[in-house]
Amino acid sequence: MTRIAAFGGVYSNPRALRATIADARTRGCERLICLGDLGGFGADPDAVWQPLLDAGVECIAGNYDLAIASGADDCGCGYSDPRDNHYAQVMYDFTRARTAPEFAAWMGSLPLEWREGVDGVDVHMVHGSPLAVNDFLWESLGDEECGRRVAASGADVLVCTHTGIPWSREVDGTLVVNCGTIGRSANDGSSAGWYALIDCEAGEARAGLIPVAYDALAHADEIRAAGLPEAFAVTAETGWWTTCLEVVPPAERARGRYHCYLDAVPLPSGAQPDRVAPPAPGGLPVTSLFGTDAFPARLWIYSNFHCNLACTYCAVESSPSARRRSIGAERFVELCDEAVEAGFEEIFVTGGEPFLEPDIGAMLRAAAERVPTTVLTNAMLFEGRRGQDLETLVGVRALTIQTSLDGASAETHDALRGAGSFARTIRGIERARALGLRVRVSTTETPVNTHEVERLAALLAGIGIGEGDHSVRPLVARGFSSEGMAVTAAGLVPELTVTTDGLHWHPVGADVESSPDLLLASGRVALEDGKRLVVERVLEDRLADGGLPAPLACAIA
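Residues numbered from 1 in each chain as written. Predicted model: local features only at pLDDT ≥ 70, side-chain atom pairs only at ≥ 80, totals over all residues. Heavy atoms only, no water.

Chemist: Before we go on, may I ask you to explain the sheet that holds strand 3 (residues 58-59) in this structure?
Modeler: Within a sheet, adjacent strands bond to each other through the backbone by hydrogen bonds, running parallel or antiparallel. Read from one edge to the other, the open sheet built from five strands follows the order 3-2-1-9-10, with strand pairing classed as mixed. The open sheet terminates on both sides in strands that have one partner only, identified here as strand 3 and strand 10 (204-212). For strand 1 (residues 2-7) and strand 2 (residues 31-34), the ladder comprises four bridges, and the chain directions are parallel. Among the inter-strand pairings, Phe7 is bridged to a residue of strand 2, identified as Cys34. (Pairing = 2+ DSSP bridges. Helix = DSSP H or I, 4+ residues; strand = E, 2+ residues; numbered from the N terminus.)

Chemist: Is there a simple way to think about the state of the cysteines in this case?
Modeler: Every disulfide links exactly two cysteines, by a covalent bond between their sulfur atoms. Within the structure shown, the criterion is met by one disulfide. Put simply, Cys75 and Cys77 are joined by a disulfide, and their sulfur atoms are 2.3 Å apart. Since a negative S-S torsion denotes a left-handed disulfide, the Cys75-Cys77 link at about -135° is left-handed. A relative accessible area of 10% places Cys77 in the buried class. The structure places no disulfide on Cys29, whose sulfur is separated from the nearest cysteine sulfur, that of Cys200, by 11 Å. (Disulfide = S-S within 2.5 Å. Buried < 20%, exposed > 50% of the residue type's maximum accessible area, 1.4 Å probe, protein only.)

Chemist: For this particular structure, what's the right way to read the side chain of Thr235?
Modeler: With respect to the secondary-structure elements, Thr235 resides in helix 8 (residues 230-238). Of the residues examined, Thr235 reaches a relative accessible area of 6% and is grouped as buried. Among residues more than four places away in sequence, those in contact with Thr235 are Arg184, Ser185, Trp240, Trp241 and Thr242. (Contact = heavy atoms within 4.5 Å.)

Chemist: In this structure, what is going on with the pairing of strand 15 (residues 373-376)? I would like to understand it.
Modeler: Within a regular strand, side chains alternate between the sheet's two faces. Of the two faces of strand 15, the one lined by Thr373 and Val375 and the one lined by Thr374 and Leu376 are each fully buried. Direction of pairing for strand 14 (residues 346-350) relative to strand 15: parallel, over a ladder of three bridges. Across the sheet, the residue bridging to Val349 is Val375, located in strand 15. In this fold, the crossover linking strand 14 to strand 15 by way of helix 12 (residues 360-368) has right-handed handedness. Relative to strand 16 (residues 399-404), strand 15 runs parallel, the two sharing four bridges. Residue pairing across strands places Leu376 opposite Gln402, the latter belonging to strand 16. (Right-handed = clockwise from strand over helix to strand, strands pointing away.)

Chemist: Explain helix 14 (residues 410-417) here, please?
Modeler: Helical geometry: 3.6 residues make up each α-helical turn, so side chains three or four residues apart lie on a common side. Three or more residues of helix 14 are buried, namely Thr412, His413, Asp414, Leu416 and Arg417. Gly418, located one to two residues past helix 14, shows a positive phi value of around 115°.

Chemist: Could you clarify how one ought to interpret helix 3 (residues 63-70) in this entry?
Modeler: Of the residues making up helix 3, those classed as buried are Asn63, Tyr64, Asp65, Ala67 and Ile68. Just past helix 3, the residue Gly71 takes up positive phi, approximately 70°.

Chemist: Help me understand the packing of helix 14 against helix 15 (residues 421-434) in this model?
Modeler: Describing two packed helices takes the angle between their axes plus the distance from one axis to the other. Interhelical geometry of helix 14 versus helix 15 gives an angle of 100° and a closest axis separation of 8 Å. Judged by the angle between their axes, helix 14 and helix 15 are roughly perpendicular. Together, Ala410, His413, Asp414 and Arg417 of helix 14 and Ser421, Phe422 and Thr425 of helix 15 make up the contact between the two elements. Considered class by class, the residues forming the contact of helix 14 with helix 15 number two nonpolar, three polar and two charged. (Axes fitted to C-alpha atoms, helices over the stretch in contact; angles between N-to-C directions. Parallel < 35°, antiparallel > 145°, perpendicular 65-115°, else oblique. Nonpolar A, V, L, I, M, F, W, Y, C, P; charged D, E, K, R; others polar.)

Chemist: It is not clear to me how the side chain of Glu357 should be interpreted in this structure. Could you clarify?
Modeler: The topology assignment puts Glu357 in the loop between strand 14 and helix 12. Of the side chains with opposite charge, Arg324 lies nearest to the buried Glu357, which makes no salt bridge, at 7.1 Å. At 2.8 Å, the side chain of Glu357 and the side chain of Ser326 are in polar contact. When residues no more than four places from it in sequence are discounted, the contact partners of Glu357 are Ser303, Asn304, His306 and Ser326. (Lys, Arg positive; Asp, Glu negative; His and termini not counted. Salt bridge = Lys/Arg side-chain N within 4 Å of Asp/Glu carboxyl O. Polar contact = N/O pair within 3.5 Å; in protein donor to acceptor, adjacent residues only side chain to side chain.)

Chemist: How should the sheet that holds strand 7 (residues 167-171) be read in this particular structure?
Modeler: Spatial strand order, 4-5-6-8-7: five strands in an open sheet with mixed pairing. Each having just a single partner strand, strand 4 (113-118) and strand 7 make up the two edges of the open sheet. Pairwise comparison of adjacent strand axes, ignoring direction, gives a mean angle of 15° for this sheet. Running at roughly 80° to strand 7, helix 6 (residues 143-153) makes contact with strand 4, strand 5 (121-126), strand 6 (157-160), strand 7 and strand 8 (174-178) of the sheet.

Structural data, given as structure tokens:
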């Protein structure tokens with residue numbers, strides 16, 4: 001068997017280079033192959049040359065090496081976004097000015113590929129891909145596109161770098177390996193770099209991807225001391241990319257902490273640019289999408305789907321006869337804990353009718369002890385045992401009760417929500433307020449009640465519900481309603497929603513039977529995975545049209 005270490009993206013990081021060479025030797029590698037990009041991101045380009053020579057590393061040229069050797073004006077990295085190119089240019093100008101002519105000339109002598117038969121295996125190593133030195137061979141690239149690169153090579157094993165994120169899989173009979181980079185993290189929250197082990201034996205090949213730790217804090221200090229942008233040092237320390245993001249496809253970018261440059265966050269219509277994204281820590285030029293207007297840090301939990309009402313416009317088809325889907329107290333508390341860990345700042349509990357759940361009092365207290373919580377209820381059940389549940393919530397300061405009134409009179413409201421519901425809801429509001437609980441009211445505007453909205457606001461003011469605690473939302477053509485606004489995932493700002501069926505894009509589409517298109521993932525799925533799925537789709541939509549429509553507010557936030 002022959003074992004080969006393949007690595008790329010040294011990126012002026014001698015600490016990572018020495019650690020990789022030592023690790024590869026410890027693992028019995030007979031040959032070490034560097035796939036290029038010796039400069040960039042680090043503070044001391046020349047410091048990587050001698051370790052490469054001393055270790056007998058066989059090198060090919062990457063786009064950075066070709067650019068430095070030829071004295072080109074830019075790195076030729078293959079970026080198209082001006083923000084990516086700005087940071088690439090800062091780094092390239094720094095590297096070019098600090099690379100010795102002798103080192104630059106040596107880089108100019110390097111071949112563009114390494115190809116050999118190794119123990120009966122045809123191994124082909126390139127920097128970007130067989131198509132171009134700066135081609136990005138991402139893991140999310142489909143097998144058809146990946147197959148084009150494989151066909152251009154024709155080898156048994158194709159190894160590349162350039163993207164910075166390691167992966168491997170078989171495509172059309174060829175083992176394709178992206179070895180990652182050693183001088184910069186894989187945008188995974190670890191400062192370690194990555195390289196590949198290629199084992200060849202009797203015409204068969206295997207590949208393994210190896211992380212290598214080094215003194216990343218010292219490397220970051222050197223970046224700062226050199227006067228380079230703080231963003232480069234933060235990436236070295238934390239393992240999260242803070243520049244050159246726009247070139248990264250949605251699937252890979254969604255796995256990182258930062259998803260967009262601050263001035264590139266998709267804007268919902270009507271949003272103010274100065275409040276779309278929170279200030280980045282340390283003045284970084286990037287932000288997460290989560291926690292912005294493009295993806296609010298608001299988690300919805302459907303306690304159940306059965307309800308004492310069957311409203312004519314219910315978007316999730318809740319009713320007394322709806323399929324029983326109660327999330328249960330144990331799972332609910334688990335979700336609340338997970339929400340805190342995942343960074344959610346609000347929890348909204350809805351249904352069905354939450355107060356039909358036997359443990360709703362304890363569930364709401366558990367949620368409100370962790371983050372501000374709103375429960376959406378028709379407020380008609382605040383009597384008897386359920387009234388006692390309501391009383392247990394007295395003094396829970398982070399809890400809001402939100403109910404619905406859809407008309408200024410019983411005639412209008414009851415036509416939409418059922419006979420007697422208007423009077424019982426008014427009594428429920430008064431009961432909750434008498435206990436000192438915060439109450440908000442929302443109104444779904446329909447052709448039946450649109451002329452009563454102003455009169456309803458006056459009625460609510462008379463029972464202590466001010467303008468700031470009353471919202472009007474549009475009718476949505478989902479569930480029981482065939483009228484109203486048509487909504488799709490591409491047309492809705494996401495609000496991650498959990499039901500017993502899985503994770504959903506938005507609470508108006510949380511019923512799998514009537515809204516299968518808004519299901520993100522079935523079954524029990526981690527909220528972090530849900531966030532990643534949402535961000536990926538947001539980024540895909542942004543690539544398609546550059547922005548997002550206005551959010552659909554189901555609750556007063």
